Amino acid sequence: MKNKITLIYYLVLVSIFLFSCEIVTIFPDTQNAILYSRPTPILYSAKDTISIMTWNIRFGARRMKWFGDCCGDRVILSKNEIANGLRDVAEKIREINPDILILQEVDKNSKRTGYIDQVQFLLENTGMNYGAYGSMWQAQIVPSDGIGRIDVGNAILSKFPISEVVRIQLPLISNQDALTRFFYLRRNMLRAKIHIANHKDFVLINVHSDAFSTDGTKQKHINLFKQEIDNAVSNGFDVIAGGDLNTLPPQTSITDFCIKDKCNGDSHVHGVEDNENPNVSNDKIKEGSHYTPEKTWLNNLYLNYKSAISLEKYLANQSRYFTHSVGADTTLDRALDYLFTNTNWIAGSDTVRQDAKHISDHLPVVAKWKVAK
Amino acid sequence: MKIFFILIISTNLIFSQNEKNIFETNGTAFTLAPKEIEVGIFQPLRYGFSETEEFSTHPILFFLMPNVEYKHLWMKTETSAFSIKHSLYYPTPLLKTISKKGIGGIISPEFEIPQMISIWNSFIYSFELSENKLITTYASLALSFSNKTIDERTTIDLPLVYHRMLVYYYNNYLLSFGTSLDGEISEKLNYSIDADLFFAPSAENNYSIEQSVLIGYQFSNKLKASVGYKFIFADYPFGKQKNIFPLIDLSWSFK
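Residues numbered from 1 in each chain as written. Chains lettered and ligands numbered in written order. Predicted model: local features only at pLDDT ≥ 70, side-chain atom pairs only at ≥ 80, totals over all residues. Heavy atoms only, no water.

So, the overall build of chain A
In terms of helices and strands, chain A carries seven helices and 15 strands. Evaluated residue by residue, chain A yields a buried proportion of 60% over its 373 residues. Residue pairs at least 24 apart in sequence account for 73% of intrachain contacts in chain A once pairs closer than 6 positions are excluded. For chain A, the computed accessible surface area is about 14,600 Å², with 49% contributed by carbon and sulfur atoms. (Helix = DSSP H or I, 4+ residues; strand = E, 2+ residues; numbered from the N terminus. Buried < 20%, exposed > 50% of the residue type's maximum accessible area, 1.4 Å probe, protein only. Contact = heavy atoms within 4.5 Å. Areas by Shrake-Rupley, 256 points an atom, 1.4 Å probe, with all protein chains shown as cover.)

Here's the deal with the overall build of chain B
Counting secondary structure elements, chain B contains three helices and twelve strands. For chain B, the residues scored as buried account for 55% of the 255 residues in total. Across chain B, the fraction of contacts at a sequence separation of at least 24, relative to all contacts at a separation of at least 6, is 52%. When the accessible area of chain B is evaluated, it comes to approximately 10,700 Å², of which 65% is carbon and sulfur surface.

Quick word on the environment of Glu204 of chain B
Tracing the chain through its elements places Glu204 of chain B in the loop between strand S9 (189-199) and strand S10 (207-218). Considered as a pair, Glu204 of chain B and Asp235 of chain B are 31 residues apart in the sequence and their alpha carbons are 8.8 Å apart.

Remarks on the sheet that holds strand S12 (residues 306-307) of chain A
All names here are of chain A. Reading across the sheet, the seven strands line up as S2-S8-S9-S10-S11-S13-S12 and stay open at both edges, with mixed pairing between neighbours. With one partner strand each, in any of the chains shown, strand S2 (30-32) and S12 form the two edges of the open sheet. With five bridges joining them, strand S11 (residues 238-244) and strand S13 (residues 337-341) adopt antiparallel strand pairing. Each residue of the ladder has a partner; that of Ala241, found in S13, is Phe340. Set on the sheet, helix H5 (residues 217-234) makes contact with strand S8 (162-169), strand S9 (188-194), strand S10 (202-208), S11 and S13; between it and S11 the angle comes to about 165 degrees. (Pairing = 2+ DSSP bridges. Axes fitted to C-alpha atoms, helices over the stretch in contact; angles between N-to-C directions.)

A short note on the state of the cysteines
Residue and element names in this part refer to chain A. If you walk through the whole model with that rule in mind, you get one disulfide over all chains. With no disulfide of its own, Cys258 lies 11 Å from the sulfur of Cys263, the closest cysteine sulfur. Residue classification places Cys258 among the buried residues on the basis of a relative accessible area of 1%. (Disulfide = S-S within 2.5 Å.)

Structural notes on the confidence of the model for chain B
Should pLDDT be low for a region, the predicted coordinates there are not to be read in detail. All names here are of chain B. Summing up the model confidence of chain B, the mean pLDDT is 86 and the portion of residues at 70 or higher is 85%. Every residue in residues 1-21 scores below 50 in pLDDT, and together they form 78 contacts with partners more than four places removed in sequence or on other chains. Here the predicted complex scores 0.87 on pTM and 0.84 on ipTM. (pLDDT = per-residue confidence, 0-100.)

Things to note about helix H2 (residues 79-96) of chain A
An α-helical segment advances 3.6 residues per turn. Residues three or four places apart therefore align on the same side. All names here are of chain A. A rise of 1.5 Å per residue sets the reference length of H2, with its 18 residues, at 26 Å; its end C-alpha atoms lie 26 Å apart and thus fit the reference within 8%. Within H2, burial applies to Ile82, Gly85, Leu86, Asp88, Val89, Ala90, Lys92, Ile93 and Ile96. Residues of H2 that are buried in the fold lie against strand S4 (49-56), strand S5 (100-107), helix H3 (118-125) and strand S15 (365-370). Positive backbone phi, approximately 55 degrees, marks Asn97, located one or two places after H2. (Expected span 1.5 Å × (residues − 1).)

A closer look at H3 of chain A
Residues and elements named next belong to chain A. Among the residues of H3, those classed as buried are Gln118, Val119, Leu122 and Leu123. Along H3, the residues classed as buried sweep out an arc of 135 degrees about the axis, all on the same side. Packed against the buried residues of H3 are strand S3 (34-37), H2, S5, strand S6 (130-142) and strand S7 (148-158). Of the residues that open H3, the one with a side-chain oxygen 3.1 Å from the backbone nitrogen of Val119 is Asp117. Looking one or two places after H3, you find Gly127, whose phi comes out positive at around 75 degrees. (Arc of directions from axis to C-beta. Polar contact = N/O pair within 3.5 Å; in protein donor to acceptor, adjacent residues only side chain to side chain.)

Section: a nonpolar patch on the surface
All names here are of chain B. Side chains of Phe49, Phe55, Val68 and Leu88 sit close together on the surface and give an oily, nonpolar patch of about 320 Å² of accessible area. Checked against the element boundaries, Phe55 lands in strand S3 (residues 53-57). Taking relative accessible area as the criterion, Phe55 reaches 31% and is therefore assigned partly exposed. (Patch = residues over 30% accessible without salt bridge, like charges linked within 9 Å, V, L, I, M, F, W, Y side chains within 5 Å. Salt bridge = Lys/Arg side-chain N within 4 Å of Asp/Glu carboxyl O.)

Brief notes about the side chain of Ser80 of chain B
Position of Ser80 of chain B relative to the elements: it lies in strand S5 (residues 80-89). Apart from residues lying up to four places away in sequence, Ser80 of chain B is in contact with Phe30, Met75, Tyr125, Ser126 and Phe127 of chain B.

Comments concerning the packing of aromatic side chains
Enumeration over the complete set of coordinates arrives at 20 aromatic pairs over all chains. Ring plane angle 5 degrees and centroid distance 5.0 Å describe the contact between Tyr236 of chain B and Phe238 of chain B, whose orientation is recorded as stacked. Phe238 of chain B matches Tyr236 of chain B in its accessibility class, with the two residues each being buried. Among the aromatic side chains, those forming a connected cluster through ring pairs are Tyr115 of chain A together with Tyr162, Tyr236 and Phe238 of chain B. Directly above the aromatic system of Phe238 of chain B lies the positively charged group of Arg149 of chain A, at a separation of 3.5 Å from the ring centroid. Here the guanidinium or amino end of Arg334 of chain A rests over the ring plane of Phe257 of chain A, the centre of that ring lying 4.0 Å away. (Phe/Tyr/Trp six-rings, centres within 6.5 Å; stacked < 30°, edge-to-face > 60°. Lys NZ or Arg CZ within 6 Å of the ring centre and 35° of its normal.)

Next comes the structure, spelled out in structure tokens:
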């Protein structure tokens, strides 16, 4: 070997990352959710009537102009932004004081939010005892826009014990290129059983359906959400199901927000399928603002189950029940967040907490529900 | 994919003292013979400047990350060698390249990448344990200098990369230590076993322990293939993590 020089090529260090680093987590169709619990649970006495709340907390980013959803250019939050955002979310939850909370867009050890486990933080700072988490986007690194490490998903927090929590994978968008699809969101539902002493166990379902698809994926998610409720009901359970469905209630007056949501530089804003201008690149199109084709997608849910905000009530005063406006604009303009049950909500207990409009781009929907014995 | 490729090459580049191969190769205390040149696609270009001095640089990435390394052999006996190595890296152009909107954006473009250099100073000692068995140990102190503090949100949270880049953050210094055993099993088979520790005392998540094993097969005088693994246990801002990676190396040599 003397007098020989060996030149080593570290070609396969590339494969190190590609094959064994689990850059992106691919989830099975169903799997157990990640569970949380307070080391010493707070003692809550059993209740006949409980308060349920759904809230897309936007990972505690408040109304920051995040690059992904509101024409912004921010990606990684500062320490102050993270602290203030989570503090506000926790304060609002404590103020509303729900017994069961279903959350969307909760970050867990993501770079953009200072690697904080927001499920754990909210569990510890809202008086909840039990939690569960299912990721919809988990990657060691997303090599785009500086997102870096990401883990964001749906969560359930409860004062009462939860069990059999399952993460159910929803279909992926089919019309993305392979690379984008590999690194893109993998949305899911969480299904859990809630146990309150001396009462019948009931099923809780948390969903965050797709926002930006143009291939019918959102409709598939909504249909699967209803199917999951149907299954639980057919198995004899009472069900509370909700989340961010990313579509409008039937008969909503305004269904096209393309102009309102338009960013500077958008040439055409109705989605890929409507791109009639061959000179306009599809990547300049704003998707997720044109709800007109979706007008009937929630009909079956409203026909078969009770919405916390009844359709009659909503249609009589739509703006009172708006739960969303895009990005930094706090002028609420659409309802995207829902609670449904197969039984009945306590009359008059429903509310959309529009006073929380500075804390997230979605607002909490809250209602009370009687637990069967 | 391209970006990962660049990153890995860069990792090798910055931390070439981490690569322990066989006798008188890049990781040991020995220098190349005068006028001898060693060049590879991803390995540094090495040049034996004198009996006791060696210069090297990485040619491919030089334009994205200018770099140069100088090794001085202070002591050499029949069975051992002691050398000091100084390496200079200028990562700013590379970091600016991967700080962008859209695909390929490893670092968010909302942050400014300052002008930065790092200097790695290593003491390397190699001795022949027995025939065809060489042990090398090193200790290294890396320092960095910049015209502005880099935002800590620009870290790249990947194994092999995160801790090596800590030299540019949190008081701008990094320690590393390592040892390796290189030897021959037979005329055509050889091995390399190494372990390294990267430690940034002033950072919160400050250590990475790495261990690798490579078995090499000499197909001819010029061509060698190696297979093995690299195990990494490290503390990151998001928690501790273990990774094990396969390694497959191709080596080419000439006189």
